[in-house]
2 protein chains.
Amino acid sequence: MKKYTTLILVGIIFVLAVVLAGVLLFLKNQPPQERAVVQPIATVQPLEADSSLWGVNYPNEYSSLIQTANNNTPTTYGGSAQNSYLLEDPRLVLLFMGYPFSKDYNQPRGHENTLIDVRATKRVTDTTHATCYSCKSSDNPGLWAQMGMEAYDAKMFSDVTPDINNPIGCANCHEAGSMRLVITNPAVEAAFQSEGLDWRPFTRQQMRSAVCANCHVTYYFTGENKVLTVPWANGTRVEEIIQYEDSLNFSDWTYPEAGTPIMKARHPDYELFTADSTHYRAGVSCADCHMPYVRDGAMKYSSHDIISPLLDPQQSCGQCHTNVDDVLARVSIIQDTIYQAKIDTEDALIDAITAIKAAAAKPDSDPALLDEGRTLHRHAQFMWDFISSANSMGFHNPDEALRILRNATDLARQAQMKAAQAADDSSLLAVGVYYTINPVPTPVP
Amino acid sequence: MKKYTTLILVGIIFVLAVVLAGVLLFLKNQPPQERAVVQPIATVQPLEADSSLWGVNYPNEYSSLIQTANNNTPTTYGGSAQNSYLLEDPRLVLLFMGYPFSKDYNQPRGHENTLIDVRATKRVTDTTHATCYSCKSSDNPGLWAQMGMEAYDAKMFSDVTPDINNPIGCANCHEAGSMRLVITNPAVEAAFQSEGLDWRPFTRQQMRSAVCANCHVTYYFTGENKVLTVPWANGTRVEEIIQYEDSLNFSDWTYPEAGTPIMKARHPDYELFTADSTHYRAGVSCADCHMPYVRDGAMKYSSHDIISPLLDPQQSCGQCHTNVDDVLARVSIIQDTIYQAKIDTEDALIDAITAIKAAAAKPDSDPALLDEGRTLHRHAQFMWDFISSANSMGFHNPDEALRILRNATDLARQAQMKAAQAADDSSLLAVGVYYTINPVPTPVP
């Protein structure tokens, strides 16, 4: 009898222990962390330009990277479909008049197309420097290491063409062997330094944004050799960049007839996103949305088929947001708002340009007032372009985009007023002249 | 020996059972849902004005309501401290010149102070209608039911004073007996109807915002009797309200010397919040942030000590956001941005007003162009005021606030330009004249 009691008690203990173990296991209930330790099959040489060789060790990452060749889907305000921005919004033809962007300015396609597209654009001519290959090829880290960026940029575009054989690839962001994320663009390395920042102690999550800054930052050219330079020495806010480029008296071109020295902004995605945006402050990285973790069987990897999150919102937004449909509606509201603000700012800029041109044509115009008008135009146009040339139609930082566009509108209107004052001619105060220009310049597609 | 074995085994069972029970209890760990069914002690008469009688049945709600008498804490851009807006930002004295708001315009205090404060303000004079009591007393639902809103508004302020004895209270939002949330303001009832909306089928969560619209909406006065009217017939967006008030040729006052017919916006908190704001779209109600659920012992109730969420962020924001410190930092960024945009818009408006006044003073000014300038001024000022007069320094809907301020800036600058065109005088294009006005008008505190 006592034997049975013992057996029953041991049985109860066993059952309780199993239940407890099960419950504890359930409590442990963390997302599976299986991070496969990859046993390298092939040894990849430092700065190896050929991504397919890295792909032997990382077949998922590589095979998703080469999918970027096929992206051809537009979103409402972006995507990778190579639409002509100039045909979509002919105001841009006026705003970039006198500069190659008025001739050819398309939505960029996926990373795998960088070489095809940079070689096809009408913006590249016989006098274009090699600088324009900077963000187009995984051959660059090797070439920069070999010859230095200054010597590279001093060459002509066509002179380095034979050495440039691979589009954007592994070597642009990864260190061979360790696979850690690295800044490979010397101009961006210098830019971080100029801010007093060293990217090396950044966390991996910080690097999942910082490596995008290898290319997705604004830049200008230093000197005759057109050395790629990122203007962050005073900070990365639009006002700090303007202040810095002003201090150098830098301009990309002089606006025809108006005489305004214009500086071009170029896709300042990293600057805009990191300017205290909601997502940035919440610790989200560029890769979280644009390279979400996906699964293939037991493997979990960060997709290298980099696209707009709007093309796969469940995978991108759905990692954090439970109601993806509502997120998409919210994105539409934000982007529609910023799009309209951008167009209205363009109208104000075109009114300013028209007035400055008219004032400049009058011999009696006050040159000091006219120059004040040009400075206002210069600043307004850079502010507008800071949002216009950034990807995401302002979504990377909606409040900052709307803040900047309000300031740009104000300065553009003030530029127009200065021109009218310079010419002492109130007929220069016409508003909405874009609509009255006839015919609207035909963009060269 | 076997006895000991049995004892030990029983001991182990006991320990395991206790551990298992603890773990299960922990798993159960849901927020307690005890919603006490209140057994009414006292019967409250329909439209009862005296909140203390309702308080017999709802002591927690009532005792928190009367705390609003003591709120005297400012936040960076709001709170309940009765600061003088005119002293904080003397631009407002210029913008409201010719209207009582230029004489006395303070931050509102808590609901319990409504009667003290409306009777003290210099905006109320011998010619003020009873309309100005509309949002100040729980006596109103009963009085409106008795005499109708039109007859109420036709009386003078001082004539109804003897009938007005209670500040904002239970009867402004609740139906006695059922305690359901109801629209009690006939002007707001009519406004919903004018939109084709019936609030009666609204969910309780929708009503937890809609009852705030009993007062926190913009309004204007219809006819000689100053009947309170909410201008939603074309919709609740700022452009729709402008279009509607324009169609009536309504104006609150004519700006002295400029001649602009101005319409005043008044705390359009409900309109701004429901214009597709992030929080509204996420299903958050006004009460979720301003009247968060709190506990007193076993009781859980919605605090009726209505304050800025920034004064108790853990209780308000912390219901949804885990990192409240980060939320507060984000609120600061948003409000700082909107504050600066608001000030810059005010500068543009003051430049416009200065120019219109100068043009109006010149006998040769083109009257048609001058009127165009006035219309632009009217629209710009209403847009600005729509954000300025709303509580929250734009936080109720940041993107919408920045969108509206960008448009307001643009229209204000265009107004200035029209004035210069009307006078054919480019000297009217001065910018930043607020800073050059000397002396800045001294606000009457």
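Anything mentioned here points back to the structure above.
As the structure is a computational prediction, the values presented were derived from the model and not from experiment.

Procedures and definitions
- Residues numbered from 1 in each chain as written.
- Chains lettered and ligands numbered in written order.
- Predicted model: local features only at pLDDT ≥ 70, side-chain atom pairs only at ≥ 80, totals over all residues.
- Heavy atoms only, no water.
- Helix = DSSP H or I, 4+ residues; strand = E, 2+ residues; numbered from the N terminus.
- Buried < 20%, exposed > 50% of the residue type's maximum accessible area, 1.4 Å probe, protein only.
- Contact = heavy atoms within 4.5 Å.
- Areas by Shrake-Rupley, 256 points an atom, 1.4 Å probe, with all protein chains shown as cover.
- Lys, Arg positive; Asp, Glu negative; His and termini not counted.
- Charge placed at Lys NZ, Arg CZ, Asp CG, Glu CD.
- Pairing = 2+ DSSP bridges.
- Salt bridge = Lys/Arg side-chain N within 4 Å of Asp/Glu carboxyl O.
- Nonpolar A, V, L, I, M, F, W, Y, C, P; charged D, E, K, R; others polar.
- Patch = residues over 30% accessible without salt bridge, like charges linked within 9 Å, V, L, I, M, F, W, Y side chains within 5 Å.
- Least-squares fit on C-alpha atoms with pLDDT ≥ 70 in both.
- Core = buried A, V, L, I, M, F, W, Y, C linked by side-chain atoms within 4.5 Å.
- Disulfide = S-S within 2.5 Å.
- Phe/Tyr/Trp six-rings, centres within 6.5 Å; stacked < 30°, edge-to-face > 60°.
- Lys NZ or Arg CZ within 6 Å of the ring centre and 35° of its normal.

Novice: It is not clear to me how the overall build of chain A should be interpreted in this structure. Could you clarify?
Specialist: Regarding its fold elements, chain A presents 20 helices and six strands. Along the longest, intermediate and shortest principal axes, the C-alpha atoms of chain A span 120 × 45 × 40 Å. A buried classification covers 52% of the 445 residues belonging to chain A. If you take every contact in chain A between residues at least 6 apart in sequence, the share linking residues at least 24 apart comes to 69%. Counting every atom, chain A has about 20000 Å² of accessible surface; 56% of that belongs to carbon and sulfur. Treating the 33 positive side-chain charges of chain A as one cloud and the 50 negative ones as another, the clouds have centres 7 Å apart.

Novice: Explain helix α10 (residues 186-194) of chain A here, please?
Specialist: Each α-helix winds once per 3.6 residues, and so residues spaced three or four apart point in a common direction. Residue and element names in this part refer to chain A. Those residues of α10 lying buried are A187, V188, E189, A191 and F192. Against α8 (149-154), α11 (204-210), β2 (227-229) and α13 (269-274) lie the buried residues of α10. One or two steps after α10, the chain reaches G196, where phi turns positive at roughly 80 degrees.

Novice: I'm lost on the pairing of strand β6 (residues 299-302) of chain A in this one. Help?
Specialist: Regular strands show a simple pattern: their side chains alternate between the two faces of the sheet. All names here are of chain A. Note: strand β5 (residues 293-296) against β6, four bridges, orientation antiparallel. From the neighbouring strand, R295 faces β6, where its bridge partner is K300. Count of turn residues in the β5/β6 antiparallel hairpin: two residues, of which G297 carries a positive phi of about 60 degrees.

Novice: Looking at this structure, I do not really get the interface of chain B and chain A. What am I missing?
Specialist: How big an interface is tends to be expressed through the accessible area that disappears when the partners come together. Taken together, the contacts link 48 residues of chain B with 48 residues of chain A. Where chain B packs against chain A, one counts eight salt bridges. Measuring nitrogen to oxygen at the nearest pair gives 3.2 Å for the salt bridge that ties D344(A) to R406(B). Breaking the side of chain B that touches chain A down by element, the ones donating at least two residues are α1 (2-28), α14 (278-281), α17 (324-361) and α19 (398-423) of chain B. The dominant element in the side of chain B that touches chain A, judged by the number of residues it contributes, is α19(B), at 15 residues. A breakdown of the residues in the side of chain B that touches chain A according to their chemical character gives 23 nonpolar, twelve polar and 13 charged.

Novice: Looking at this model, I keep getting lost on a nonpolar patch on the surface. Mind explaining?
Specialist: Residue and element names in this part refer to chain A. Together, Y4, L7, I8 and I12 make up a nonpolar patch on the protein surface, roughly 440 Å² of accessible area in all. With respect to the helices, strands and loops of the structure, I8 is situated in helix α1 (residues 2-28). A residue is classified by how much of its surface remains accessible, and I8, at 54% relative accessible area, is exposed.

Novice: Can you help me understand unusual backbone geometry in this one?
Specialist: At M179(A), a position not held by glycine, the phi torsion is positive, near 65 degrees. The backbone of Q82(B) shows a phi angle near 60 degrees, a positive value even though the residue is not glycine. Counting through the fold element by element, Q82(B) comes out in the loop between α3 (59-65) and α4 (85-88). By relative accessible area, which is 32% here, Q82(B) ends up partly exposed.

Novice: Before we go on, may I ask you to explain the relation of the copies chain B and chain A in this structure?
Specialist: The two chain copies are connected by a rotation around an axis plus a translation along it. Placing chain B over chain A gives an RMSD of 2.2 Å and needs a rotation angle of 177 degrees, together with 0.1 Å of translation along the axis. The superposition of one copy onto the other is thereby described by a two-fold rotation axis. Of the C-alpha atoms belonging to chain B, the one lying closest to the rotation axis is found on R406(B), 2.5 Å away. When the interface residues of chain B are mapped onto chain A, 100% of them again lie at the interface, so the same face is used by both copies.

Novice: So what exactly am I meant to see when it comes to the nonpolar core here?
Specialist: Nonpolar side chains in soluble globular proteins tend to be buried together. If you look at the biggest cluster of nonpolar residues, it comprises 181 residues, and the most contacted ones within it are F192(A), W232(A), F192(B) and W232(B). Within the second largest apolar cluster, ten residues are counted, among which are I13(A), V23(A), L9(B) and I13(B).

Novice: What should I look at first to understand the state of the cysteines in this one?
Specialist: Each disulfide is one covalent bond, formed between the sulfur atoms of two cysteines. Residue and element names in this part refer to chain A. Taken as a whole and assessed by the stated rule, the structure comprises zero disulfides over all chains. Lacking any disulfide linkage, C173 is separated from the closest cysteine sulfur, that of C212, by 6.7 Å. The thiol sulfur of C212 is not disulfide-bonded, and the nearest other cysteine sulfur, from C286, lies at 4.0 Å.

Novice: Explanation requested: the pattern of salt bridges in the structure shown.
Specialist: One side chain can pair with another of opposite charge once the charged atoms of both are near each other. This structure, assessed with the given rule, holds 50 salt bridges over all chains. Of the charged contacts, one joins R237(A) and D276(A) as a salt bridge, the two residues approaching to 3.4 Å between their closest N and O atoms. Of this pair, R237(A) sits in the loop between β2 and α12 (238-247) while D276(A) sits in the loop between α13 and α14 (278-281); the two residues are 39 residues apart in sequence, bridging distant segments of the chain. The exposure class of R237(A) is partly exposed, given its relative accessible area of 27%. A residue is classified by how much of its surface remains accessible, and D276(A), at 23% relative accessible area, is partly exposed. Salt-bridge contacts for R406(A) lead to D410(A); the nearest nitrogen and oxygen are separated by 3.7 Å. Pair noted here: R406(A) and D410(A) are both in helix α19 (residues 398-423), with a separation of four residues, about one helical turn. One network of salt bridges, in which partners are shared, links R237(A), E239(A), D276(A), R281(A), E400(A), R403(A) and D326(B).

Novice: Would you take a moment to explain the environment of F250(B) for this structure?
Specialist: All names here are of chain B. Relative to the elements of secondary structure, F250 occurs in the loop between α12 (238-247) and β3 (253-254). In this structure the C-alpha to C-alpha distance between F250 and S426, which are 176 residues apart in sequence, comes to 31 Å. Ignoring sequence-local partners within four residues, the contact set of F250 consists of Y220, F221, E245, M263 and R378.

Novice: Would you mind going over the packing of aromatic side chains with me for this structure?
Specialist: The geometry of an aromatic ring pair is captured by two quantities: the separation of the ring centres and the angle between the planes. Scanning the entire structure with this criterion turns up 40 aromatic pairs over all chains. Relative to F386(B), the ring of F382(B) has its centre 6.1 Å away and its plane inclined at 45 degrees; by these criteria the two rings are tilted. One end of the pair, F382(B), and the other, F386(B), are both in helix α18 (residues 367-388), four residues apart, so they sit about a helical turn from each other. Taken together, the aromatic side chains of Y85(A), F96(A), Y99(A), F101(A), Y105(A), W253(A) and W384(A) make up a single cluster linked through ring pairs. Its end group placed over the ring of Y293(A), K300(A) keeps NZ or CZ at 4.8 Å from the ring centre. Over the ring of F101(B) we find R123(B), and its NZ or CZ is 4.0 Å from the ring centre.

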